[in-house]
Amino acid sequence: DLLASPPPTPPPPSSAASREGTYLDYVLSQITRSQVPFLASASSDEAESADEASGANEQVVVIEGEARHLGMRCEWKQHFHYPSGAFYEELSNDDMQVWWGYDGKECTWEVDFSGLPSTLELDDKETSLLCTWIRNGIWLMPGIRRKLHIALAEEVQEPRDW
């Protein structure tokens with residue numbers, strides 16, 4: 001039903017404040033509607049309440065397949081939890097196993113080839129979170145979007161060396 005109805009017309013960006021608070025919200029809601037369809041029928045706060053009421057907060061999505069890492073074939077698996085942004089990702093084959101994850105609160109970690117665990121901090125933490133959240137669409141979830149600073153660019157200048 002939602003896909004059959006025409007998309008709403010975006011509000012005109014009349015000032016910086018309305019552009020930030022209205023047009024950006026419109027753009028993000030349209031991306032969310034197409035990428036995370038189970039949120040399409042509810043507003044952000046309603047969607048979170050609906051998830052809690054339906055038990056969706058307990059559900060974990062698993063994606064798996066074959067991958068190549070450092071030139072070696074391996075099995076790849078990712079478990080992720082949409083509402084909290086928590087994830088666990090693993091690459092393994094007969095010769096190696098590495099895994100990393102985020103607990104949905106503060107701790108981002110990895111276990112290297114030798115089996116040594118470490119906590120990721122600063123850029124390592126941010127890169128792990130952003131790359132994973134963007135790959136699987138978690139960044140579109142209202143609770144995760146509030147953790148990010150997303151703004152419309154005032155002026156876009158392409159690099160000269162493109």
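Whatever comes next refers back to the structure up there.
### Some words on unusual backbone geometry
Positive phi is not limited to glycine here, since L70 has a value of about 55 degrees. Despite not being glycine, L122 shows a phi value in the positive range, around 50 degrees. Structurally, L122 can be placed in helix α3 (residues 122-136). The class for L122 is exposed, based on a relative accessible area of 71%.

### Brief notes about a negative patch on the surface
A contiguous patch of negative charge, built from E110, E121, D123, D124 and E126, is present on the exposed surface. Of the residues forming the negative patch, the biggest block, 3 residues, is contributed by α3. Residue placement: E126 occurs in helix α3.

### Overview of the sheet that holds strand β5 (residues 108-111)
In space, the 6 strands of this open sheet follow the order β1-β2-β3-β4-β5-β6, with antiparallel pairing throughout. The sheet is open, and its two borders are formed by β1 (61-69) and β6 (117-119), each paired with just one other strand. Each strand axis lies, on average, 15 degrees off the axis of its neighbour in the sheet, ignoring direction. Sheet topology note: the strand β3 (residues 87-92)/strand β4 (residues 97-102) ladder contains 6 bridges and is antiparallel. Bridge pairing in β4 places E89 opposite W100. Sitting on the sheet, α3 touches β2 (72-80), β3, β4 and β5, and the angle it makes with β3 is about 90 degrees.

How each quantity is defined
- Residues numbered from 1 in each chain as written.
- Predicted model: local features only at pLDDT ≥ 70, side-chain atom pairs only at ≥ 80, totals over all residues.
- Heavy atoms only, no water.
- Helix = DSSP H or I, 4+ residues; strand = E, 2+ residues; numbered from the N terminus.
- Buried < 20%, exposed > 50% of the residue type's maximum accessible area, 1.4 Å probe, protein only.
- Patch = residues over 30% accessible without salt bridge, like charges linked within 9 Å, V, L, I, M, F, W, Y side chains within 5 Å.
- Areas by Shrake-Rupley, 256 points an atom, 1.4 Å probe, with all protein chains shown as cover.
- Salt bridge = Lys/Arg side-chain N within 4 Å of Asp/Glu carboxyl O.
- Lys, Arg positive; Asp, Glu negative; His and termini not counted.
- Charge placed at Lys NZ, Arg CZ, Asp CG, Glu CD.
- Pairing = 2+ DSSP bridges.
- Axes fitted to C-alpha atoms, helices over the stretch in contact; angles between N-to-C directions.
- Contact = heavy atoms within 4.5 Å.

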